[in-house]
Amino acid sequence: MSDFRIETKCIQSGYEPGNGQPRVLPIYQSTTFRYTSSEQMGRLFDLEESGYFYTRLQNPTNDAVAAKICDLEGGAAAMLTSSGQSANFYSVMNIAGAGDHIICSSALYGGTYNLYAHTLKKMGVEATFVDPDCTPEELEGAFRENTKAVFGETIANPALVVLDLEKFAKSAHAHGVPFIVDNTFATPINCRPIEWGADIVIHSTTKYMDGHASCVGGAIVDSGNFDWEAHSDKFPGLTTPDETYHGIVYTQKFGKLAYITKATAQLMRDLGSIQSPQNAFLLNLGLETLHLRMPRHCENALAVARYLKNHEKVAWVSCPSLPGDKYYDLAQKYMPNGSCGVLTFGLKGGRAAAVEMMDKLKLVAIVTHVADARSCVLHPASHTHRQMNEQELVEAGVQPDLIRFSVGIEHVEDIIADVEQALL
Ligand SMILES: *Cc1c(COP(=O)(O)O)cnc(C)c1O
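Please read these numbers as outputs of a predicted model, since none were measured by experiment.

Conventions adopted
Residues numbered from 1 in each chain as written. Predicted model: local features only at pLDDT ≥ 70, side-chain atom pairs only at ≥ 80, totals over all residues. Heavy atoms only, no water. Pairing = 2+ DSSP bridges. Helix = DSSP H or I, 4+ residues; strand = E, 2+ residues; numbered from the N terminus. Axes fitted to C-alpha atoms, helices over the stretch in contact; angles between N-to-C directions. Contact = heavy atoms within 4.5 Å. Parallel < 35°, antiparallel > 145°, perpendicular 65-115°, else oblique. Nonpolar A, V, L, I, M, F, W, Y, C, P; charged D, E, K, R; others polar. Buried < 20%, exposed > 50% of the residue type's maximum accessible area, 1.4 Å probe, protein only. Arc of directions from axis to C-beta. Domains from an automatic or database assignment. Buried area = accessible area lost by both parts, 1.4 Å probe. Salt bridge = Lys/Arg side-chain N within 4 Å of Asp/Glu carboxyl O. Polar contact = N/O pair within 3.5 Å; in protein donor to acceptor, adjacent residues only side chain to side chain. Near = heavy atom within 4 Å. Areas by Shrake-Rupley, 256 points an atom, 1.4 Å probe, with all protein chains shown as cover. Core = buried A, V, L, I, M, F, W, Y, C linked by side-chain atoms within 4.5 Å.

1. Observations regarding the sheet that holds strand β3 (residues 126–130)
As summarised here, the arrangement of the 7 strands in space is β1-β7-β6-β5-β4-β2-β3, forming an open sheet in which the pairing is mixed. Among the strands making up the open sheet, the edge pair consists of β1 (77–81) and β3. With direction set aside, neighbouring strand axes in the sheet form an average angle of 20 degrees. Judged from the 4 bridges that link them, strand β4 (residues 147–153) and strand β5 (residues 179–182) form a sheet pairing that is parallel. Paired with E153 across the bridge in β5 is D182. Lying on the sheet, helix α7 (residues 165–174) is in contact with β3, β4 and β5; it crosses β5 at an angle near 150 degrees.

2. With respect to the packing of helix α12 (residues 277–288) against helix α13 (residues 290–309)
Contact pair α12 / α13: the axes reach a minimum separation of 5 Å and the direction vectors enclose 60 degrees. One element, α12, and the other, α13, form an angle in the oblique class. For the pair formed by α12 and α13, the contact residues are G286, L287 and E288 on the first element and L290, H291 and R293 on the second. Within the contact of α12 with α13, the residues separate by chemical class into 2 nonpolar, 2 polar and 2 charged.

3. Brief notes about helix α17 (residues 412–422)
Those residues of α17 not exposed but buried are V412, I415, I416, D418, V419 and A422. Axial view of α17: buried residues confined to an arc of 155 degrees, hence all on one face. Here the buried face of α17 lies against α13, α15 (350–360) and β12 (403–406).

4. Quick word on α7
Of the positions making up α7, those classed as buried are L165, K167, F168, A169, S171 and A172. Buried positions along α7 lie against β3, α6 (136–140), β4, β5 and α14 (328–334). G176 occupies a position one or two residues after α7 and carries a positive phi of about 70 degrees.

5. Some thoughts on the domain arrangement of the protein
As assigned here, the protein comprises domain 1 (6–286) and domain 2 (291–422). Placing a centre on the C-alpha atoms of domain 1 and another on those of domain 2 gives a separation of 28 Å. At the interface, 39 residues of domain 1 touch 39 residues of domain 2. Between domain 1 and domain 2, a total of about 3200 Å² is buried, with carbon and sulfur atoms accounting for 62% of that surface. On the domain 1 side of the interface with domain 2, the three residues burying the most area are L160, N190 and Y208, jointly 23% of the side's total. One can count 2 salt bridges joining domain 1 with domain 2. In this structure, E166 engages K333 in a salt bridge whose closest nitrogen and oxygen atoms are separated by 2.5 Å. Our enumeration of links across domain 1 and domain 2 arrives at 17 residue pairs in polar contact (both at pLDDT 80 or more). Of all elements in the fold, only α1 (6–12), α5 (110–122), α7 and α8 (187–190) reach the threshold of two or more residues within the side of domain 1 that touches domain 2. A class-by-class count of the residues in the side of domain 1 that touches domain 2 yields 22 nonpolar, 11 polar and 6 charged.

6. Re the site of the ligand
The immediate surroundings of the ligand are formed by 16 residues, with N157, D182, S204, T206 and K207 found nearest. Contact distances for the ligand include 2.8 Å between an oxygen atom and a side-chain N or O atom of N157. Contact distances for the ligand include 2.6 Å between an oxygen atom and a side-chain N or O atom of T206. Here the ligand, which alone exposes 370 Å², has 93% of that area covered by the protein.

7. A look at the pairing of β12
What you see with β12 is no split at all: I403 and F405 on one side and R404 and S406 on the other are buried throughout. Where strand β9 (residues 342–347) and β12 come together, 4 bridges link them in antiparallel fashion. Paired with T344 across the bridge in β12 is R404. The sheet contact formed by strand β11 (residues 376–378) and β12 spans 3 bridges and is antiparallel. Of the residues in β12, the one forming a bridge with C376 is S406.

8. Regarding the nonpolar core
Ranked by size, the top nonpolar core spans 100 residues in total, and within it I69, I102, Y116, F179, I220 and Y250 carry the most contacts. Shared between two domains, this core takes at least three residues from each, and those domains are domain 1 (6–286) and domain 2 (291–422). In this structure, L302, V304, M358 and I415 belong to the second largest nonpolar core, which totals 28 residues.

The following block contains the structure:
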């Protein structure tokens, strides 16, 4: 599908039925797959042959949806995971272990911050958090001998910092490590990080990709561009024999598929965060309309941002596509057709006024979610980021008064009318 435009890929990529086969991707609701030869099944276990044998490792429905996401991002290989968090976790653990180090932008989703700052630390992987707006020199200073990856979010949730992808990619590559980007908020409709130097792209498909708040899920896409063998000393897991598969070497045997094959063969095998095929099917329905929904999300968010900006009770508004925004120029560079449907704002009355306003909303609901068809709000300091102290909040770009507003695809006048009555 690589010659088609992205709208066509949203609909058609990943699944091509043969003569007389179902037009729509079937749900392979089966844990297991039958073989007539014991010998052949053995070869599957040795990775000598590719094929399905147990859904914890691979399932045809999941693989079709992963292939679509791979095509949308312009990658070489991809896999689905049970959640965005497992995608984040696997993306790093596939190339790092105890004694290693990663560099992360400090503007991150709260769950990702906890994962990298605390849980990975317990497993022996240390993270250094850098200001996403740092100079290239400051970024240089964060590297160590044992650094294995650089990580950031295209548009940070909820700080709405637009990452300077080229700056981070350049620095990572100068140190011989891959640049991993969480592209959840921009989606490949608005930004394709691989085109700007990202090596691995991850998604919480729970958000815009699913788009209807029905399934938690994640995806990892590998560009196939990073030369693991050129930095073999840093990535022995990919470039030296894996004894659990009779000594195969992933880079030698699988080439551009090495990273995803290893993540499937080792991490999925051992940790098992597989997406259910049912959820993959629903995710696929969401993906079919992603190219229609994203522009509407962006258009509605911009209109709401403009309304809020002119409201006397509003202290500040952040929306990367709004002229005058701190990240406007970066957004214009990396996502000129729109950023996302999420905006943040604060009220002059501060934290107390935020809570009061949110409670008055009727159409717009208070939910722990973001980036779906229905408009919703959340107060990160009280909800997603409540484990953080004041300083950690500020470092993550989350002001205590910040309201995260995920603008849906209802009629924009109805959304604004609800906000208007809540601000009375
Ligand atoms: C929600 C989110 C995650 C976590 O994804 P889950 O699917 O909830 O596990 C990771 N990164 C970003 C940017 C998110 O918005």
